[in-house]
Amino acid sequence: MKVTEITETHFRKMVAVSSKRLSNNAEFINSLNVFPVPDGDTGTNMSLSFVSGAKYVSESTTDNVGSLTVALAKGLLMGARGNSGVILSQIFRGFYKSAEKKATLNATDLAAALTAGVETAYKAVMKPTEGTILTVAREAAKAANKAANKSDDTVVVMQAAYEAAKKALATTPDLLPVLKEVGVVDSGGQGLTFVYEGFFDALAGNQRAEDDAHQPSVEEMEEMINAEHHKSVQSQLSTEDIKYGYCTEIMVKLGAGRLVDSKFDYDEFRNHLSEIGDSLLVVADEEIVKVHVHTEQPGSVMSYGQHFGSLIKVKVDNMRLQHETILEHDQQEELKEDAVESTDNAGYGIIAIASGNGISNLFKSLGATYVLNGGQTMNPSTQDIVDAIKKVKAQKVVILPNNKNILLAAEQAAKVADIPTKVVASKTIAQGMTALIAFNPAESLDENSANMSDELGSVKSGQITIAVRDTTIEGNVIKKDDYMGIIDGKIELTNPDKVDTAIQMTEKMLDDDSEIVTIIIGQEGTSAEAENIKNAILKIDEDLEIEIHQGDQPVYPYLISVE
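The rules behind the values
Each residue is numbered by its place in its chain's sequence as written, counting from 1. Side-chain atom pairs in this predicted model are given and counted only at pLDDT of 80 or more, local residue features only at pLDDT of at least 70, and totals for whole chains, interfaces and linings cover all residues. Excluded from the side-chain calculation are hydrogens and water; included are all heavy atoms of the structure. Where helices and strands are cited, they refer to DSSP runs of H or I of at least four residues and of E of at least two residues respectively, numbered from the N terminus. Should any heavy atoms of two residues lie within 4.5 Å, those residues are considered in contact. A 1.4 Å probe and the Shrake-Rupley method give the accessible areas. Residues count as covered only by the protein chains that appear here. Relative accessibility thresholds used throughout: buried, under 20% of the residue-type maximum; exposed, over 50%; partly exposed, between the two (1.4 Å probe, protein chains only). Helix axes use the C-alpha atoms of the stretch in contact, all axes being lines fitted to C-alpha atoms, and the angles between their N-to-C directions lie in the range 0 to 180 degrees. In these notes the angle categories are as follows: under 35 degrees is roughly parallel, over 145 is roughly antiparallel, 65 to 115 is roughly perpendicular, and the rest is oblique. Left-handed describes a crossing in which the near helix is turned anticlockwise from the far one by less than a right angle; the clockwise case is right-handed. Charged residues are taken to be Asp, Glu, Lys and Arg, nonpolar residues to be Ala, Val, Leu, Ile, Met, Phe, Trp, Tyr, Cys and Pro, and polar residues to be all remaining types, Gly included. The quantity called pLDDT is the predictor's confidence in a given residue, expressed from 0 to 100. Criterion for a salt bridge: a side-chain nitrogen of Lys or Arg within 4 Å of a carboxyl oxygen of Asp or Glu. The pairing criterion for strands is at least two bridges between them, as found by DSSP. Classification of ring pairs uses Phe, Tyr and Trp, with its six-membered ring standing for Trp, and accepts pairs whose centres are within 6.5 Å; under 30 degrees between planes counts as stacked, over 60 as edge-to-face, and the remaining range as tilted. Look at NZ for Lys and CZ for Arg. If either is within 6 Å of the ring centre and within 35 degrees of the ring normal, a charge sits over the ring. Looking down the strands as they point away from you, a crossover is right-handed if its path from the first strand over the helix to the second goes clockwise.

I'd like a description of the overall build of the protein chain, backed by residues and values.
Along its length, the protein chain carries 22 helices and 16 strands. The contacts in the protein chain between residues at least 6 apart in sequence include a share of 71% that link residues at least 24 apart. Looking at the protein chain as shown, the accessible area adds up to about 25,000 Å², and 48% of this sits on carbon and sulfur atoms.

Set out below in structure tokens:
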């Protein structure tokens, strides 16, 4: 099929198909995360970002393609989550700037828009790295321009861009050594390749197997799960009323694994699980089955799954503990809102982004006006941060993202905010707290931004977390379920013992100028373990001052800083 002009109908279909393609493949993109930590969320971030863009397009009533590109870019910007989502939004920001005055797009227009997207995305990243989504976007645009010089068919141009994206994606491990070491392609580049694949298929009228039967997308699955939780847990009057206490999710690769002894039958599989729990959701295709169930026997669910294939993803949450936390949260919500509306910092609002009630309280005790819930696996969108800026009702705002994967979204929010806003580029909780101590309400926004930024390098940040798979990174052989010590973003050691890992990591962080060590206990840490860590550190240097705080953060049993 030849398409010389991309009309409004064509473009709407391109966006819809690409959104679905990203959603269907979000878990696969997540699996490409280089670091074996429980926060591989590139696919989820890109999917949710694009879903926001698609929503803006679907809500637009224009019949003008240029106006639809503006809607897509706006939706992507406001819904952007994580660095991958922000870069994706910048690609389509450049796209719309090239196409916004066009009623339709011809082959040359399409190639020019793809090229403009690359230029905008490269400018948005302070230190562009090859072997990433940027490389994939650039090579796709080059191929599109070559094709547009030879053909007036937008299908031919988009096919050239898609095929070049695939080829460039395959080369990313050669450009970024850590990808080659781990044996994966770049996750962001993979996400963009799915977008361009969707554009091409929509224009060409291609139908792929995954599009034949509807499977719940990532956000739909989450909505279904959230709905089930609401019905079966959140509406309970007391924690004791919860009949099935463990929210269990597994993903099974059918036919793989040493314990396989049964052929998968959807109805039989579902009926068996329905007998040992409720709130059951089962989604399956020829290769994968994904399960969500509330049960008292999470081990039985896993064991049953292994009769049909290998477990490639497992998640178990204690809903009774979660429910208690929700009840505590609800009781504190009104007090939080009152705190947000008051500001005594000379018109300043200070927004810290973090997760964990304990960490939230620490930031507030240091002077934060509002703590936006977010962090690893929970990257807030640009819109979430903009809403927080409005909520503090201040004249000027300082944002502490406290995570490198939230930094770009925070910067985008600052650009579109209605009041003067500065982002202090804190990449860890420790950096955020250290920067906040340097805040002075008597100084200007620029002065505070500069002074707080200067403090970021004065603290060393350590994180303890568990490896979710076997891998090798920068010479470190990492075994699944071992604990990793991560210092300023780099995996420095692994150990099967959590406390030993924390002690060894802290020892690596100490030097002759070290004075204060701060230990923040997460959801998977304990006060007793923290005391053991403290005592071991004092044996290394008895002159150190050691503070222990309850943080309640997920993912990291311990956050440890050295100043």
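Before we move on, can you summarise the side chain of Ser355 with the specific residues and values?
Following the sequence through the fold, Ser355 ends up in the loop between strand S5 (348-354) and helix H16 (357-365). A relative accessible area of 10% means that Ser355 is categorised as buried. For Ser355, the residues in contact, after removing those within four places along its chain, are Asn373, Gly374, Met378, Gly551, Gln553 and Pro554.

Give a detailed account of the packing of helix H6 (residues 107-124) against helix H8 (residues 154-175), specifying residues and quantitative values.
Interhelical geometry of H6 versus H8 gives an angle of 25° and a closest axis separation of 8 Å. By the angle between their axes, H6 is roughly parallel relative to H8. Note on packing geometry: the crossing formed by H6 with H8 is right-handed. Packed against H6, whose contacting residues are Ala107, Leu110, Ala111 and Leu114, the element H8 presents Thr154, Val157, Met158 and Ala161 at the interface. Across the contact of H6 with H8, the residue classes break down as seven nonpolar, one polar and no charged.

Please provide a residue-by-residue account of the confidence of the model for the protein chain, values included.
Per-residue confidence for the protein chain gives a mean pLDDT of 85, with 88% of residues at or over 70. Scored below 50 in pLDDT, residues 212-237 shows 49 contacts in the model against residues more than four places distant or in partner chains. Here residues 333-339 is a poorly scored stretch, pLDDT under 50, and it has four contacts once near neighbours within four places are set aside; other chains count.

A description of unusual backbone geometry should follow, citing residues and the corresponding values.
Glycine aside, residues mostly have negative phi, and peptide bonds are mostly found in the trans state. The backbone phi angle of Asp481 is positive, close to 75°, even though this residue is not glycine. Residue classification places Asp481 among the partly exposed positions, given a relative accessible area of 44%.

Go over the pattern of salt bridges with me, naming the residues and quoting the values.
The tally for this structure, following the rule as stated, stands at 16 salt bridges. Arg21 is the salt-bridge partner of Asp201, the closest N and O atoms lying 2.9 Å from each other. Here the residue Asp201 occupies a position in helix H10 (residues 187-204), and Arg21 occupies one in helix H1 (residues 8-24), the gap between them amounting to 180 residues. For the pair formed by Asp201 and Arg21, the shared burial category is buried. The partner of Glu27 in a salt bridge is Lys313, and the shortest N-O contact between them spans 3.1 Å. Of this pair, Glu27 sits in helix H2 (residues 26-30) while Lys313 sits in strand S4 (residues 309-318), and the two are 286 residues apart along the sequence.

Can you explain the environment of Ala284? Please cite residues and give values.
Relative to the helices and strands, Ala284 resides in strand S2 (residues 277-284). A relative accessible area of 21% means that Ala284 is categorised as partly exposed. Along the primary structure Ala284 and Val252 are separated by 32 residues, whereas in three dimensions their C-alpha atoms are 9.3 Å apart.

Got a sec to walk through the sheet that holds S4? Specific residues and values, please.
Spatially, four strands are ordered S2-S3-S1-S4 in an open sheet, and the strand pairing comes out antiparallel. Of all the strands in the sheet, the pair left with one neighbour each is S2 and S4. With direction set aside, neighbouring strand axes in the sheet form an average angle of 10°. Pairing geometry for strand S1 (residues 246-254) and strand S3 (residues 288-295), over eight bridges, is antiparallel. Residue pairing in the sheet places Val252 in a bridge with Val289 of S3. Its contacts with the sheet place helix H13 (residues 266-274) against S2 and S3, and it is angled at close to 160° to S2. This element, helix H14 (residues 298-305), spans S1, S3 and S4 of the sheet and lies at about 10° to S1.

Before we move on, could you go through the side chain of Thr193 and cite the residues and values that matter?
Considering the arrangement of structural elements, one finds Thr193 in helix H10. On the accessibility criterion, Thr193 (4% relative accessible area) is buried. Beyond its immediate chain neighbours, meaning those up to four positions away, Thr193 contacts Val136, Tyr162, Ala165, Lys166 and Leu169.

With reference to specific residues and values, describe the packing of aromatic side chains.
In total, this model carries 14 aromatic pairs according to the counting rule given. Aromatic side chains Phe50 and Phe92 sit 6.0 Å apart centroid to centroid with 75° between the ring planes, which places their arrangement in the edge-to-face category. Of the two residues, Phe50 is situated in helix H3 (residues 42-59) and Phe92 in helix H5 (residues 82-99); the sequence distance between them amounts to 42 residues. What makes Phe50 buried here is its relative accessible area of 0%. Here Phe264 and Phe308 contribute two aromatic rings whose centre-to-centre distance is 6.0 Å and whose plane-to-plane angle is 90°, an arrangement assigned as edge-to-face. Of this pair, Phe264 sits in the loop between S1 and H13 while Phe308 sits in the loop between H14 and S4, placing them 44 residues apart in sequence. For Phe308, a relative accessible area of 5% puts it in the buried group. The structure contains a cluster of three or more aromatic residues connected by ring pairs, namely Phe11, Phe50, Phe92, Phe95, Tyr196 and Phe199. Over the aromatic face of Tyr348 sits the side chain of Lys396, whose NZ or CZ is 4.5 Å from the ring centroid.

Tell me about the pairing of strand S14 (residues 516-521), and please be specific about residues and values.
The side chains of a regular strand alternate between the sheet's two faces. Most of S14 sits inside the fold, with five of its six residues counted as buried. Bridge count between S14 and strand S15 (residues 545-550): six bridges; the pairing is parallel. Its bridge partner being in S15, Val517 is matched across the sheet by Ile546. Regarding topology, helix H22 (residues 527-540) serves as the crossover connection from S14 to the parallel S15, and that connection is right-handed.

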